[in-house]
Amino acid sequence: MTAKIIDGKKIAAEIRAEAKLEADELISQNIQPCLVVVLVGEDPASKAYVGSKVKACEETGIKSIKVTHPAGISEAELMSEIDRLNADNSVHGILVQLPLPKHMDEDAVTERIDPSKDVDGFHPVNVGKLSIGLDCLTPCTPTGIPEMIVRSGIEMSGKHAVVIGRSNIVGKPMMSLLVQKGEKANCTVTCCHSGTKDLAYFTRQADILIAAIGVPEFVKADMVKEGATVIDVGINRVDDATKPRGYKLVGDVDYASVEPIAGAITPVPGGVGPMTVAMLMKNTIKAARMRG
Ligand code: GUN
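Conventions adopted
- Every chain is numbered independently, its residues counted from 1 as its sequence is written.
- For a predicted model such as this one, the threshold for reporting local features is a pLDDT of at least 70, and the threshold for listing and counting side-chain atom pairs is 80 or more; totals across whole chains, interfaces and linings nevertheless cover every residue.
- Hydrogen atoms and water are omitted, and side-chain values are computed over all heavy atoms in the structure.
- Consider each residue's heavy atoms; a residue with any of them within 4 Å of a molecule or strand counts as near.
- Polar contacts here mean pairs of N or O atoms no more than 3.5 Å apart (in protein, one a potential hydrogen donor and the other a potential acceptor; neighbouring residues in sequence count only if both atoms are side-chain atoms).
- Per-residue and other accessible areas follow the Shrake-Rupley method at a 1.4 Å probe size, with only the shown protein chains counted as cover for residues.
- Classes in brief: Ala, Val, Leu, Ile, Met, Phe, Trp, Tyr, Cys and Pro nonpolar; Asp, Glu, Lys and Arg charged; the others, Gly included, polar.
- Here, the term nonpolar core denotes a set of buried Ala, Val, Leu, Ile, Met, Phe, Trp, Tyr and Cys residues that are joined through side-chain atoms within 4.5 Å.
- Relative accessible area decides the class of each residue, using a 1.4 Å probe on protein chains only: under 20% of the type maximum gives buried, over 50% gives exposed, and in between gives partly exposed.
- Only DSSP runs of H or I reaching four residues or more are called helices, and only runs of E reaching two or more are called strands; each is numbered from the N terminus.
- It only takes one pair of heavy atoms within 4.5 Å for two residues to be counted as in contact.
- Stacked, tilted and edge-to-face are the three classes applied to pairs of Phe, Tyr and Trp rings, where Trp contributes its six-membered ring and a pair requires centres within 6.5 Å; stacked means planes under 30 degrees apart, edge-to-face means over 60, and tilted covers the rest.
- When DSSP finds two or more bridges between two strands, those strands count as paired.
- The angle between two axes is taken between their N-to-C directions and runs from 0 to 180 degrees, where each axis is a line fitted to C-alpha atoms and a helix contributes only its stretch in contact.
- The cut-offs work like this: below 35 degrees is roughly parallel, past 145 is roughly antiparallel, 65 to 115 is roughly perpendicular, and the gaps in between are oblique.

Visitor: How should the site of the ligand be read in this particular structure?
Guide: Taken together, the neighbourhood of the ligand is formed by Leu95, Val96, Gln97, Leu98, Asp120 and Phe122. At a separation of 3.4 Å, a nitrogen atom of the ligand approaches a polar side-chain atom of Gln97. Between the ligand and Asp120, the relevant distance is 2.6 Å, taken from a nitrogen atom to a side-chain nitrogen or oxygen of the residue. Taking 280 Å² as the accessible area of the ligand by itself, protein coverage stands at 82%. Here the residues of the shell around the ligand sort into four nonpolar, one polar and one charged.

Set out below in structure tokens:
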């Protein structure tokens, strides 16, 4: 059996095109959707992510403002900046790229953002609303995953979804989303993590297996049930002297061995990654709609 390759790039382009139509409609009502992306420090991966977010805004008709600060900025200064953005009615979304430098309290910074502008869905108000099934802004990466699955013609309702990883950015919100009622959810949900004993026992029962561990090629063929839908959230840099940059990107799934067993699988790159940015566009439009 050969797996269906879930083309995240193509599905993300569809979603961005939908977001553009929605942005055009808001603009026709004199509402210019606007996202502010705050980057602190010089982390190369963060710079690249912020660059792709700003570019996607340009293509979608969303105004983007990139605010950069040196790594040495104080937490108090960053907090004042967030206060100013919270009070600015022309700003609909605020995203502070993580990780922040070590001297800053990421939780405190996240909590400073007005929940109605929290396009990352990381604020405890949004986390709480998601967990009890209220409409809210939800984290971009996990929100994109059911979109990819359903738009690939795969049913989710009643399936056993196993999530590997319990991060606040992916694993935990993924579980909250999957367990809700609805066409893009309604799963039986299991979460595995570093404390799980006999992890493969659980992963082999997954109809939908979502890997968000941060360990290169962690999921091997013997951990996957035949025909399962395998979603790889990992983006890991692995040394590769044959590449011009000296590294290659691999996921958390050992693609070469798992692909022949899976029913459907996301590649890395070109799978979950582009979806995150597309969902950020959707969240920014949603935030703009909510505030007007
Ligand atoms: N760092 C890694 N992923 C994310 C994300 O989704 N949002 C923000 N703000 N920072 C991140």
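Visitor: It is not clear to me how the nonpolar core should be interpreted in this structure. Could you clarify?
Guide: In summary, soluble globular proteins display a tendency toward joint burial of nonpolar side chains. Counting residues in each nonpolar core, the largest one holds 51 residues, and the members touching the most others are Leu35, Ile145, Leu178, Ile210 and Met281. Only helix 1 (8–28), strand 2 (34–40), helix 2 (44–60), helix 6 (140–151), strand 5 (160–164), helix 7 (171–179), strand 7 (208–211) and helix 10 (272–291) provide two or more residues apiece to this core. The biggest single contributor to this core is helix 10, with ten residues. Setting aside anything within four residues of it in sequence, one finds Ile210 in contact with Ile145, Val162, Val163, Ile164, Met174, Leu178, Ile231 and Val233.

Visitor: Help me understand the packing of aromatic side chains in this model?
Guide: How two aromatic rings sit relative to each other is set out by the distance from centre to centre and by the angle between their planes. One pass over the full model with this rule turns up one aromatic pair. The interplanar angle of 85 degrees and the centroid separation of 5.0 Å between the aromatic rings of Tyr201 and Phe202 together place this pair among those described as edge-to-face. Taking the relative accessible area as the measure of exposure, Tyr201 reaches 44% and is therefore partly exposed. Overall, the relative accessible area of 28% leaves Phe202 in the partly exposed class.

Visitor: Any chance you could explain the sheet that holds strand 3 (residues 63–69) here in plain terms?
Guide: Strand pairing in a sheet is mediated by backbone hydrogen bonds. Such pairs are either parallel or antiparallel. Pairing is parallel in the open sheet, where three strands are placed in the order 3-2-4. Edge positions in the open sheet fall to strand 3 and strand 4 (93–96), since each of these has one partner strand only. Direction aside, neighbouring strands of the sheet carry axes that sit 15 degrees apart on average. Strand contacts of helix 3 (residues 75–87): strand 2, strand 3 and strand 4, with the helix running at about 180 degrees to strand 2, the strand carrying the most contacts.

Visitor: Help me out: how do you make sense of the sheet that holds strand 11 (residues 264–265) in this one?
Guide: The parallel open sheet is built from six strands, whose spatial order is 1-11-8-7-5-6. Of all strands in the sheet, those with a lone pairing partner are strand 1 (4–5) and strand 6 (188–192), marking the two edges.

Visitor: What is the right way to read the packing of helix 1 against helix 6 from this model?
Guide: Any two packed helices are characterised by the angle at which their axes cross and by the distance between the axes. Put simply, helix 1 and helix 6 touch, their axes get as near as 10 Å, and they point 105 degrees apart. Put simply, helix 1 runs roughly perpendicular to helix 6. Within the contact between the two elements, helix 1 uses Gly8, Ile11, Glu14, Ile15 and Glu18 and helix 6 uses Glu147, Met148 and Arg151.

Read these as layout, nothing more, since geometry by itself doesn't imply function.
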